[in-house]
Amino acid sequence: MKKILFYTNQFFGQIGGEEFAYTEPFVEEGAKGPAMGLKAALPEAEIVATVICGDNYFAENVDKCKEFIQAQVEKYQPDLFVAGPAFNAGRFGIACGESCTLVQEDLGIPAITGMYEENPAVDMFKAYCKIVKTAKSAAGMKDAIAKMSALAGKILRGEKLGLPKEEGYFPMGKRVNVFHEKNGAVRAVEMLVRKLNGEPYETELEISTYEKVEPSAPLPDLKHAKIALCTSGGIVPFGNPDHLTAASAKFWKKYDLAGLDKLEKGKFESVHAGYDPVYANENPNRVAPYNVLKELEKEGEIGEVYPYLITTTGNSTSVADATRFGKEIAEDLKAAGVQGVILTST
Amino acid sequence: MVLELRKIAIRSIEFGSPARIEGDKLIVDPDEMKEWMLEDSRIKNVSFDIALPGTSTRILPVKDVIEPRAKQEGETFPGLFREDMEEAGSGVTYCLDGCVVTTTGPIVGFQEGVIDMSGPAAEYNVYSKLCHLVMILEKQDYVDPHEHEEVVRLAGIKLARKVGELAFPCENYTTETYEWGNIGENYNAYPDLPRVVYVYNCMSQGLLHDSYFYGRDSKIIVPTMLTPLEVFDGALVSGNCVSPGSKTTTYMHQNNACIKELFKHHGKDFNFVGIVLCPLMTTLKEKFRNRMLTVRQVKMLGADGALISQEGFGNPTTDLMIVCQELERNGIKTVIITNEDAGIDGMSESLPDSVPEANAIVTTGNSNATLMLPAMDKTIGVLKDIERVCGGNVNSIQPDGRLLIEIHGIMGGHNLQGNTLVGAVTI
């Protein structure tokens, strides 16, 4: 028989209300509280134990509580970890999210919980565990347990899960490739017919709206400023010693240009697959204009040029990776006292 | 205008002499083909190979894939070889259905890809189901990269046309007939149905990022109307554009999946009234100009709806989005096709640009996702080039011969006229 380890708080664990919110975690054999409903709905599984913990205690002692849960997982060796449902309870939601994330991500055992869509823990943890959509309050307990049991049953039986909306959990936000029966053109024209007829249709990709980057205020005094050169145009030392990829870069590099006045042909080259590199290889300064910066430095227009080339390939690089590069590069430049950056793209 | 496509089904290829078609077998003569190719003195050496579906064969780096097509009167691929040219898209065109000319040889740039004739990569594209006559081309040393691209492009098209001529005596063909009227006739054909225009994006950004329209580089044209029949006849030729996954090869132009599908619904669900070719340029000013000129022509055609196909990703996503936005602002209901770069783990934002009006999107999958390909018994081309192409890296070749690549690296792996079954969902 498959084994489930259950997690709940002081209230649903029937210890008491807010006055028991500092209860330290403990474990009881068998099903307690909402686990009883799960037990009834899943005769093929056994609720081996229930961990109960006060919400305030968890919030203020996250690491200790996770250690306790990990010890119980090691002891009971469950096939599935179920927490909550937490409905709209903020602290309980975080406790469910933290414990499920620990079990799913670190211990590699499937973990599910349930929450109301406005519970802040949904956005914090949906990427790491399956959070079933529930009503706002415990009045929706019956429905929540029914949905969580159905999902738990499928996971325990090793059945292939449908899409999040079919299974009733919040999408983790992960895009995975699938093979359709109809090719993209067939689907596109069918979608167009529905759109033209005013019939419902479903886009295959929800558009994100991006954070707009506000340009910084101009530097008040360029003559005493330290300026750095960054490019996403894939300019690297000739031979590409660090194997920067032609597309989908996973890192950025910083190359020492001390003593150079320009990027010479044959000493630097482009590895970027997103544009015609012939002219950049002829004169790498076309993409990374280090020569002009050095001239301006000589003329006194710029206080100082940061003597490095900071470079990556901006071709097909994911927004997540690009955002990370930006943060890392900014940290490096701030530490070096750089006040302004010329960032070239292709 | 009426175009009849005479399709001769080809299911295998062999070397032999004289070159001919026997039943569904194409027989070609390597010596004769070599002679044709060496007429271009910029070619130092050329050899040929055959790759058939289901075999343990890998081709890379692939530059272009072309379906052999030829005409007895008029010409296919007009504007490439002769000074004079006629409008394409009428008369009879012979097509070798199920077979392609595929060009490979030393790499020109980073945009050349992989075709596997079996294994997991074969699920991703239509090429793996076709019989490939592979041409391995080596240029003369003095030929620079831009000319190298031209040499391989013209050689591929020339061979496809020559091989297509072998179909002239064939009698075992099926036919597809397409008719196309002038703007007024098309507009009035189905007065009760909404009118639909196809916006045909094509890359126009330099070496290995160009397309050719009647032989002219699409960088130096403005958005223009064209007929679907011209497209079938090779008025559009690939400049071996962009990364392998999204490269609109000449084959994908000749067999444009959007056009085929629009014709299927034409006269039933809507009235397909025209195509506007929109070059995807590098600078913002050009993007805004081409948006204005494209949308203007879609409006001139009286469209109620539009389908936009894509080529490439990154800066071309901006073209896709702003054209979509402007069409919607003009009350033209629009569906777009795109791929996604959602990161290896699928957790990143999918697109580098977006507009809220893009509310009807078909996706051909997350191109950053990786795939482990088994070693193949035979490689045609240069395996090591995988390290330099889009979708590959220096660690792609595994010690046991397997190949780790992103979907980007598979030719047609996320074809943006939607000629693939791959898509993506959020879990």
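Residues numbered from 1 in each chain as written. Chains lettered and ligands numbered in written order. Predicted model: local features only at pLDDT ≥ 70, side-chain atom pairs only at ≥ 80, totals over all residues. Heavy atoms only, no water.

When helices and strands are tallied, chain B shows eight helices and 26 strands. Its C-alpha radius of gyration of 21 Å places chain B within 12% of the 22 Å reference for a compact globule of 427 residues. Structurally, chain B occupies a C-alpha span of about 55 × 50 × 40 Å along its principal axes. For chain B, the computed accessible surface area is about 14,100 Å², with 48% contributed by carbon and sulfur atoms. (Helix = DSSP H or I, 4+ residues; strand = E, 2+ residues; numbered from the N terminus. Rg over C-alpha atoms; globule rule 2.2 N^0.38 Å. Areas by Shrake-Rupley, 256 points an atom, 1.4 Å probe, with all protein chains shown as cover.)

This brings us to helix H6 (residues 257-265) of chain B. Residue and element names in this part refer to chain B. The buried count for H6 comes to seven of nine residues, which makes it a mostly enclosed element. Every buried residue of H6 is accounted for by Ala-257, Cys-258, Ile-259, Glu-261, Leu-262, Phe-263 and His-265. If you check the start of H6, you find a side-chain oxygen 2.8 Å away from the backbone N of Cys-258, and it comes from Asn-256. Note on H6: the residue one or two positions beyond its end, Gly-267, has a positive phi of about 85°. (Buried < 20%, exposed > 50% of the residue type's maximum accessible area, 1.4 Å probe, protein only. Polar contact = N/O pair within 3.5 Å; in protein donor to acceptor, adjacent residues only side chain to side chain.)

In this section: the packing of aromatic side chains. In this structure the tally under the stated criterion is 17 aromatic pairs over all chains. Their ring planes at 65° and their centres at 6.0 Å tell us that B:Tyr127 and B:Tyr251 sit as a pair that is edge-to-face. One end of the pair, B:Tyr127, is in the loop between strand E11 (113-116) and strand E12 (131-139); the other, B:Tyr251, is in helix H5 (residues 250-254), with 124 residues separating them in the sequence. Per residue, the accessibility class of B:Tyr127 equals that of B:Tyr251, and both read buried. Clustering of aromatic rings is evident, with ring pairs tying together A:Tyr7, A:Phe11, A:Phe12, A:Phe58, A:Phe87 and A:Phe92. The cationic tip of A:Lys254 hangs over the ring face of A:Tyr308; the distance from NZ or CZ to the ring centre is 4.5 Å. The ring of B:Tyr212 carries B:Arg153 above its face, with NZ or CZ at 3.6 Å from the centroid. (Phe/Tyr/Trp six-rings, centres within 6.5 Å; stacked < 30°, edge-to-face > 60°. Lys NZ or Arg CZ within 6 Å of the ring centre and 35° of its normal.)

When its domains are assigned, chain A resolves into domain 1 (2-167) and domain 2 (222-344). Using C-alpha coordinates to define each centre, domain 1 of chain A is positioned 49 Å away from domain 2 of chain A. (Domains from an automatic or database assignment.)

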